[in-house]
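# Per-entry structural report
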Amino acid sequence: MPHTIPSSSPPPCPSSSPAVFAGEGLLCVRGERAVFANLSFRVEAGDALLLVGPNGSGKSSLLRLMALLLHPASGRLTWDDRSVADDSEAHAARTRYVGHLDAIKPVLALRENVAFWARLAGAGTTHVDAALEAFNLTRLAQVPGRLLSAGQKRRANLARLVAAPAPLWLLDEPTTALDRASIALLEDRLARHRAEGGMVVLSTHQDIVLPGARVLALDRFAPGLARPASARPLLEPAS
Ligand SMILES: Nc1ncnc2c1ncn2[C@@H]1O[C@H](COP(=O)(O)OP(=O)(O)OP(=O)(O)O)[C@@H](O)[C@H]1O
């Protein structure tokens, strides 16, 4: 599949220094049930980590742990060897999380929605028009949120990544509702972000072009497996 990079220059990534985001010995419990156990990962500047696994294996839960929207029952998450829980504000500032819910305000125009998020993230509105362009939304800028299609809403959510630059992108099934052309736009953005030293952690059930990504198979960390997860490789190269 051709992998084209648009020629317009992207907003700068706020962190150009090498960084490491890691999890160690994570245990996730939801509704009093252990979802995964003894899970570790490591993501460096420029890396992509692809979360795969059957429904219910814990991909969304892991992304929410990484975003500090959930807390591990045991284990820890670190940024450059420092616990992220010790400075949640700093972690929020370096993280952009795009989950299943579309967060589009129905009465605001699409551009106003993206500008609202950008201001909320402390980024101002400098990059808003570039963000709309990145996801082919410019001609929809004045359309109210309530009139957008599912794929247009999804693209508006993804535009946040460009409108408010941050090093760590946590994306939960970001290709849901996207057509093939829109997936290609996302793939381009992911490539550019990584080329600028950003990190991507992404869950998906669909094919996505993510060169050099490593794959983390969540079902390997299901509690109660006969063979301990620590006895098997944590990460495999993407095929
Ligand atoms: N709010 C919640 N309260 C209790 N249990 C939950 C909650 N949300 C999810 N779970 C449970 O946690 C487990 C993992 O769910 P999660 O959504 O992380 O899986 P997933 O791998 O992302 O699934 P899918 O591929 O279907 O999106 C499931 O068994 C689910 O029932």
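Owing to the predicted nature of the structure, the values given are computational and were not obtained by experimental measurement.

## Here we look at the overall build of the protein chain
Counting its regular elements, the protein chain contains 6 helices and 10 strands. Sorting the 239 residues of the protein chain into buried and exposed places 36% on the buried side. Within the protein chain, contacts between residues separated by at least 24 positions form 74% of all contacts whose residues are at least 6 apart in sequence.

## A short note on the site of the ligand
The ligand sits among Arg30, Gly31, Val35, Gly53, Asn55, Gly56, Ser57, Gly58, Lys59, Ser60, Ser61 and Leu218. Ranked by residue count, the leading element in the shell around the ligand is helix α1 (residues 59-66), at 3 residues. Residue composition of the shell around the ligand, grouped by class: 2 nonpolar, 8 polar and 2 charged.

## A look at unusual backbone geometry
Phi angles above zero are rare outside glycine, and Asp80 is one such case at about 50°. Among the secondary structure elements, Asp80 is positioned in the loop between β4 (74-79) and β5 (82-83).

## A short note on the sheet that holds β5
Pairing in this open sheet of 4 strands is antiparallel, and the strands run β2-β1-β4-β5 from one edge to the other. Strands with a single pairing partner mark the edges of an open sheet, and in this sheet they are β2 (33-44) and β5. Relative to β5, β4 runs antiparallel, the two sharing 2 bridges. Across the sheet, the residue bridging to Trp79 is Arg82, located in β5. Against the sheet, α1 contacts β1 (20-30), β2 and β4, and its axis sits at roughly 125° relative to β1.

## Observations regarding the nonpolar core
Core analysis: the largest hydrophobic core is formed by 58 residues, its most contacted members being Leu49, Val114, Ala159, Ala163 and Val201. When sequence neighbours within four positions are dropped, the list of residues in contact with Ala163 reads Val114, Trp117, Ala118, Ala123, His127, Val128 and Ala131.

## Structural notes on the confidence of the model for the protein chain
As a general rule, the predicted coordinates of low-pLDDT regions are not to be interpreted in detail. Chain-level statistics for the protein chain give a pLDDT mean of 88 and a share of 87% at 70 or above. Counting interchain partners and residues more than four positions distant, the pLDDT-below-50 stretch residues 1-16 has 30 contacts. What the predictor reports for the complex is a pTM of 0.88 with an ipTM of 0.97.

## Some remarks on helix α6 (residues 180-195)
Between the first and last C-alpha of α6 there are 23 Å, a value that for 16 residues agrees with the 22 Å anticipated at 1.5 Å per step. Among all positions in α6, only Leu186, Arg189, Leu190, His193 and Arg194 are buried. Projected down its long axis, α6 shows its buried positions confined to an angular sector of 130°, all on one face. Along α6, the residues that are exposed and aim more than 90 degrees away from the buried face are Arg180, Ala181 and Ala195. Elements that come into contact with the buried residues of α6 comprise β3 (48-52), α4 (128-134), α5 (150-163), β7 (168-172) and β8 (199-203).

Conventions and cut-offs
Residues numbered from 1 in each chain as written. Predicted model: local features only at pLDDT ≥ 70, side-chain atom pairs only at ≥ 80, totals over all residues. Helix = DSSP H or I, 4+ residues; strand = E, 2+ residues; numbered from the N terminus. Buried ≥ 20, exposed ≤ 12 C-beta atoms within 10 Å, placed from the backbone. Contact = placed C-beta atoms within 7 Å. Near = placed C-beta within 6 Å. Nonpolar A, V, L, I, M, F, W, Y, C, P; charged D, E, K, R; others polar. Pairing = 2+ DSSP bridges. Axes fitted to C-alpha atoms, helices over the stretch in contact; angles between N-to-C directions. Core = buried A, V, L, I, M, F, W, Y, C linked by C-beta atoms within 7 Å. pLDDT = per-residue confidence, 0-100. Expected span 1.5 Å × (residues − 1). Arc of directions from axis to C-beta.

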